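Geometric and topological summary
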Amino acid sequence: MRIETKGVHVGEGLEKTQNGDVVVPIHLASTFARRKVDEPTNGYEYSRAGNPTRDVLEERLAAIENGAGGLAFASGLAAEATALFLLKRGDRVLVCSDLYGGTFRLFEQCFSQFGLRFRYIDFHDQELLTKELSEGLDMLWIETPTNPLLRVYDIRALAEAAHHQNPKAFVVVDNTFASPYFQNPLDLGADLVVHSTTKYIGGHSDVIGGALISRDKTVHERLRFYQKAVGATPSPFDSFLTLRGIKTLHLRMQRHQENAMAVAHYLESHELVKKVNYPGLRSHPDHNLAKRQMRGFSGMVSFELNDNAEPVRLIESTKVFALAESLGGVESLIEHPASMTHASMPKAEREKVGLGDGLLRISVGIEHKDDLIEDLEQALNLARR
Ligand SMILES: *Cc1c(COP(=O)(O)O)cnc(C)c1O
């Protein structure tokens, strides 16, 4: 089955419910009764360990990422935190330096105190990468496309290099920005996919959630244990909303990409814009890699204004684009990474990766592209110095 069909059907349908519900019911029960002490009904005991609505979501997440198993979490960061329980004191994690700020904060302020050693490196710096790999690793953490600079890393090459050094190392890809519609990291040699389902998978800015999808059944079972033991699971209602989002993922992604391409071209030709970062543009340094690795370029664009325009005035002047953090919903958003999404990253660290104070990021929604461009046009005029 293809992703469009899997996204609509997997886990739901006649065989899944007693009453023939076309849509999975929201099972609110926190606990499940049994007739015999050692015979949980349909395997259900307690909702943190397993819930019928969440199970359908997990089955579908695994299906759309071509994994052996999927797990759902209360947030993307909850999924990431749970994945780190695969590691132990002293383990070394190589991380791409251009990274979601919350992930950086989780690693540095929560997990490094338990003796995990995180190294942030530019995965495009081949010499440095080779040197760091040769010192050993237990996990490689890749975000691609990256946030907010939209760089693209070669998943297949990185996974091969990591596994060559240590066949047991976990290669993790945060696939939030591409979504499973445009990229499936497990097919490219990754071991684990992370999603903030809050973004494209949920797609409507109305639910926080996360996911872990494993290539290997044994890793999946280990993670399932940690999911239950740690307990950062999503509610049945949140599971339902996320499932509902997945049904239209392919339709939304097509429009996100079409609009993002139009907006990126518009910005690139504007006299007040210094630079546009969008993997779909021929001017993007990783355009060819993106074309090879991804089936599309998704809906995130970032750009820098030149000295003749005031970035904050621009983002406070848009009417269709809401000034807000997050991304991947049907509505367009605009934000200032240095003071919003990436404020938790120290300024020195931001500058090292090229994330300047003048950078703006937009999540291009599914509205009419002309309305989006007209909105940017009027805001750019107001931002002129
Ligand atoms: C939002 C985001 C996260 C964190 O997910 P939450 O659902 O907000 O906890 C992780 N990675 C990326 C790339 C994100 O955009």
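See the structure printed just above.
Quick summary incoming for the structure in this document. (Residues numbered from 1 in each chain as written. Predicted model: local features only at pLDDT ≥ 70, side-chain atom pairs only at ≥ 80, totals over all residues. Heavy atoms only, no water.)

1. Let's talk about the site of the ligand
Stated precisely, the cut-off is as follows: Note on definitions. A residue lies near a molecule or strand when any single heavy atom of the residue is within 4 Å of it. Polar contacts, as used here, are pairs of N or O atoms within 3.5 Å; protein pairs need one atom able to donate a hydrogen and one able to accept it. Residues neighboring in sequence count only if both atoms are side-chain atoms. Only the protein chains shown count as cover for residues, with accessible areas throughout obtained via the Shrake-Rupley method and a probe of 1.4 Å. Note on definitions: the grid is 1 Å and covers protein atoms alone; a cavity is a set of points where a 1.4 Å probe fits but cannot get out; a pocket is an open set with protein on both sides within 12 Å along at least five of seven lines; lining residues have an atom within 4 Å of a point. Whether a molecule sits in a cavity or pocket is decided by its atoms, more than half of which must lie within 2 Å of the grid points. Helix and strand labels come from DSSP, where a helix needs a run of H or I of at least four residues and a strand needs a run of E of at least two; each type is numbered from the N terminus. Residues were grouped as follows: Ala, Val, Leu, Ile, Met, Phe, Trp, Tyr, Cys and Pro as nonpolar; Asp, Glu, Lys and Arg as charged; and all remaining residues, including Gly, as polar.
Neighbouring the ligand are 14 residues, the closest being Gly76, Asp174, Ser196, Thr198 and Lys199. In this structure, an oxygen atom belonging to the ligand sits 2.9 Å away from a main-chain N or O atom of Leu77. Here an oxygen atom of the ligand sits 2.8 Å away from a polar atom, N or O, in the side chain of Lys199. For the ligand, whose free accessible area comes to 380 Å², the fraction covered by protein is 93%. Using a 2 Å cut-off from the grid points, one finds that the ligand occupies the second largest pocket. It is helix H3 (residues 76-83) that contributes the most residues to the shell around the ligand, three residues altogether. For the shell around the ligand, the per-class residue count stands at four nonpolar, six polar and four charged.

2. A few points about unusual backbone geometry
Note the threshold: Buried, partly exposed and exposed residues are distinguished by accessible area as a fraction of the type maximum, computed with a 1.4 Å probe on protein chains only: under 20%, between the cut-offs, and over 50%, respectively.
Here the residue pair Thr144 and Pro145 is connected by a cis peptide bond, since its omega of -5° sits within 30 degrees of zero. Tracing the sequence through the fold places Pro145 in the loop between strand E4 (139-143) and helix H6 (155-165). Located in the positive-phi region is Ser205, a residue other than glycine, with phi close to 50°. Relative to the elements of secondary structure, Ser205 occurs in the loop between strand E6 (192-196) and strand E7 (210-214). Given a relative accessible area of 44%, Ser205 falls into the partly exposed group. In this structure, Ser298 takes a positive phi of about 65° despite not being glycine. Within the fold, Ser298 resides in the loop between helix H11 (287-293) and strand E9 (300-305).

3. A look at the layout of surface pockets
The condition is simple: Grid points are joined across faces, edges and corners, and a volume is the space filled by probe spheres set on the points. As used throughout, domain bounds are those supplied by an automatic or database domain assignment.
In this structure, the second largest pocket encloses a volume near 430 Å³. Lining the second largest pocket are 23 residues, with Leu77, Tyr100, Gly102, Ser196 and Lys199 positioned closest to its centre. Those elements that place two or more of their residues in the lining of the second largest pocket are H3 and helix H4 (101-111). Top element by residues in the lining of the second largest pocket is H3. It accounts for three residues. Its residues assigned to classes, the lining of the second largest pocket comprises six nonpolar, 10 polar and seven charged. No fewer than three residues from each of domain 1 (3-247) and domain 2 (249-382) sit in the lining of the second largest pocket.

4. Brief notes about helix H14 (residues 369-383)
Keep this limit in mind: To estimate how far a helix should extend, the number of its residues minus one is multiplied by 1.5 Å. The arc in question is the one traced by the directions running from the helix axis out to the C-beta atoms. Throughout, a residue-residue contact means that at least one pair of heavy atoms, one from each residue, lies within 4.5 Å.
Taking 1.5 Å per residue as the helical rise, H14 with its 15 residues ought to reach 21 Å, and the 21 Å between its terminal C-alpha atoms agrees with that figure. What H14 keeps buried is the set Leu372, Ile373, Asp375, Leu376, Ala379, Leu380 and Ala383. Angular distribution of buried residues about the axis of H14 spans 160°; they occupy a single face of the element. Against the buried residues of H14 lie helix H10 (249-268), E9, helix H12 (311-315) and strand E11 (333-335).

5. Let's talk about the sheet that holds strand E1 (residues 69-73)
Under the convention used in this document: Whether two strands pair depends on DSSP finding at least two bridges between them. To get an axis, a line is fitted to the C-alpha atoms, and for a helix only the part in contact is used. The angle between two axes follows their N-to-C directions and goes from 0 to 180 degrees.
Read from one edge to the other, the open sheet built from seven strands follows the order E1-E7-E6-E5-E4-E2-E3, with strand pairing classed as mixed. Across the chains shown, the open sheet's two edge strands, defined by having one partner strand only, are E1 and strand E3 (117-121). Here the average twist between neighbouring strands, direction ignored, is 20°. Sheet topology note: the E1/E7 ladder contains five bridges and is antiparallel. The partner of Phe73 across the bridge, within E7, is Gly210. Docked against the sheet, H3 engages E1, E4, strand E5 (170-174), E6 and E7, running at close to 40° with respect to E7. Sheet strands in contact with H4 are strand E2 (92-96), E3 and E4, and its direction is about 150° off that of E3.

6. Looking at the side chain of Thr53
One can find Thr53 in helix H2 (residues 52-64). Apart from the residues within four sequence positions on either side, Thr53 is in contact with Val24, Pro25, Ile26, His27, Pro236, Ser239, Phe240 and Leu243.

7. Focus on the sheet that holds strand E8 (residues 273-277)
Ordered in space as E8-E9-E12-E11-E10, the five strands form an open sheet in which the pairing is mixed. Edge positions in the open sheet fall to E8 and strand E10 (322-323), since each of these has one partner strand only. The pairing of E8 with E9 spans four bridges and is antiparallel. When the sheet's bridge partners are listed, Asn277 is paired in E9 with Ser302.

8. Section: helix H8 (residues 217-230)
End to end, H8 covers 20 Å across 14 residues, agreeing with the expected 20 Å (1.5 Å per residue, within 8%). Taken residue by residue, H8 has Val219, His220, Leu223, Tyr226 and Gln227 as its buried positions. All buried residues of H8 lie within an arc of 120° about the axis, which places them on one face of the element. Across H8 from its buried face, at more than 90 degrees, point the exposed residues Thr218 and Ala229. Lining the buried residues of H8 we find H2, E1, H3, E5, E6 and E7. The opening residue of H8 is Asp216, an N-cap whose side-chain oxygen sits 3.0 Å from the backbone nitrogen of Thr218. Trailing H8 by a residue or two, Gly231 shows a phi angle of about 90°, which is positive.

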